[in-house]
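Reading the structure
Residues per chain, in single letters:
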Amino acid sequence: MANSTDSFERRANHLLRLLQLCGGCVPLHRLQFQFSDSVIQTLLDKELVQMQNTGRGFLLEIAEDF
């Protein structure tokens, strides 16, 4: 049986793949119900993704050096 760490890593990898398929960025409000705040925060802490304020909302995008 998979433990919660494996599940968490799978969700984080799924989010990164989703970002790649969507051209590298997604409005944050579209992810609100699909991914937990802790998954998004972990990717931000690891500097794999970055947040951009567009003035009309926030975009979550893949970090340039990723």
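Here's a quick rundown of the structure. Quantities reported herein were computed from a predicted structural model and do not represent experimental measurements. (Residues numbered from 1 in each chain as written. Predicted model: local features only at pLDDT ≥ 70, side-chain atom pairs only at ≥ 80, totals over all residues. Heavy atoms only, no water.)

1. Concerning the overall build of the protein
To be explicit about the condition: Helix and strand labels come from DSSP, where a helix needs a run of H or I of at least four residues and a strand needs a run of E of at least two; each type is numbered from the N terminus. We compute the radius of gyration over the C-alpha atoms and compare it with the globule rule, which gives 2.2 Å times the number of residues raised to the power 0.38. Think of it in three bands: with a 1.4 Å probe and only protein chains considered, a residue is buried below 20% of the maximum accessible area for its type, exposed above 50%, and partly exposed in between. In what follows, residue pairs with any heavy atoms lying within 4.5 Å of each other are defined as contacts. Surface exposure here means Shrake-Rupley accessible area, sampled with a 1.4 Å probe, where a residue is shielded only by the protein chains that are shown. Residues counted as positive are Lys and Arg, residues counted as negative are Asp and Glu, and His and the chain ends are not counted. All charge positions are set by atom: Lys at NZ, Arg at CZ, Asp at CG, Glu at CD.
Summing up its helical and strand segments, the protein has three helices and three strands in all. Its C-alpha atoms give the protein a radius of gyration of 12 Å, near enough to 11 Å, the size a compact globule of 66 residues would have. Counting only C-alpha atoms, the protein reaches 45 × 25 × 20 Å along its principal axes. Counting all 66 residues of the protein, 27% fall into the buried class. Long-range contacts, defined here as pairs at least 24 residues apart, represent 49% of the contacts in the protein between residues at least 6 apart. Put simply, the protein shows about 4,800 Å² of open surface, and 49% of that area lies on carbon and sulfur atoms. One way to put it: in the protein the 6 positive side-chain charges average out to a point 11 Å from where the 8 negative ones average out.

2. Re the packing of helix H1 (residues 4–21) against helix H3 (residues 37–45)
For any two helices packed against each other, one specifies the crossing angle of their axes together with the interaxial distance. The condition is simple: Axis definition: a line fitted to C-alpha atoms, limited for helices to the stretch in contact. Angles are taken between N-to-C directions and run from 0 to 180 degrees. Oblique is the label for every angle not falling under 35 degrees (roughly parallel), over 145 degrees (roughly antiparallel), or within 65 to 115 degrees (roughly perpendicular). In this count, Pro and Cys sit with the nonpolar residues alongside Ala, Val, Leu, Ile, Met, Phe, Trp and Tyr, while Asp, Glu, Lys and Arg are called charged and the others, Gly among them, polar.
Relative orientation of the contacting elements H1 and H3 amounts to 70°, with a least axis distance of 10 Å. The orientation of H1 relative to H3 falls into the category roughly perpendicular. Two secondary-structure elements touch here, H1 through Phe8, Arg11, Ala12, Leu15 and Leu16 and H3 through Ser38, Val39, Ile40, Thr42 and Leu43. Of the residues that constitute the contact of H1 with H3, the class distribution is seven nonpolar, two polar and one charged.

3. Focus: H1
Definition in use: For a helix, the expected span equals 1.5 Å multiplied by the residue count minus one. This arc is taken over the directions from the axis of the helix to the C-beta atoms.
Along its 18 residues, H1 runs 26 Å from first to last C-alpha, staying within 8% of the 26 Å computed at 1.5 Å per residue. The complete set of buried residues in H1 reads Phe8, Ala12, Leu15, Leu16 and Leu19. Angularly, the buried residues of H1 cover 95° about the axis, an arc narrow enough to put them on a single face. Opposite the buried face of H1, by more than 90 degrees, sit the exposed residues Arg10 and Leu21. Looking at the buried positions of H1, the neighbouring elements they touch are strand S1 (25–27), helix H2 (28–31), H3, strand S2 (49–53) and strand S3 (58–62). In the stretch just after H1, Gly23 is the one whose phi turns positive, near 85°.

4. Here we look at the pairing of S3
Our working definition: One bridge is not enough; two strands pair if DSSP finds at least two bridges between them.
For S3, a buried count of four out of five residues is recorded, marking the element as mostly surrounded by other parts of the structure. By the bridge criterion, three bridges tie S1 to S3 in an arrangement that is antiparallel. When the sheet's bridge partners are listed, Cys25 is paired in S3 with Glu61. Across five bridges, S2 lies against S3 in antiparallel orientation. What sits directly across from Asn53, in S3, is Phe58.

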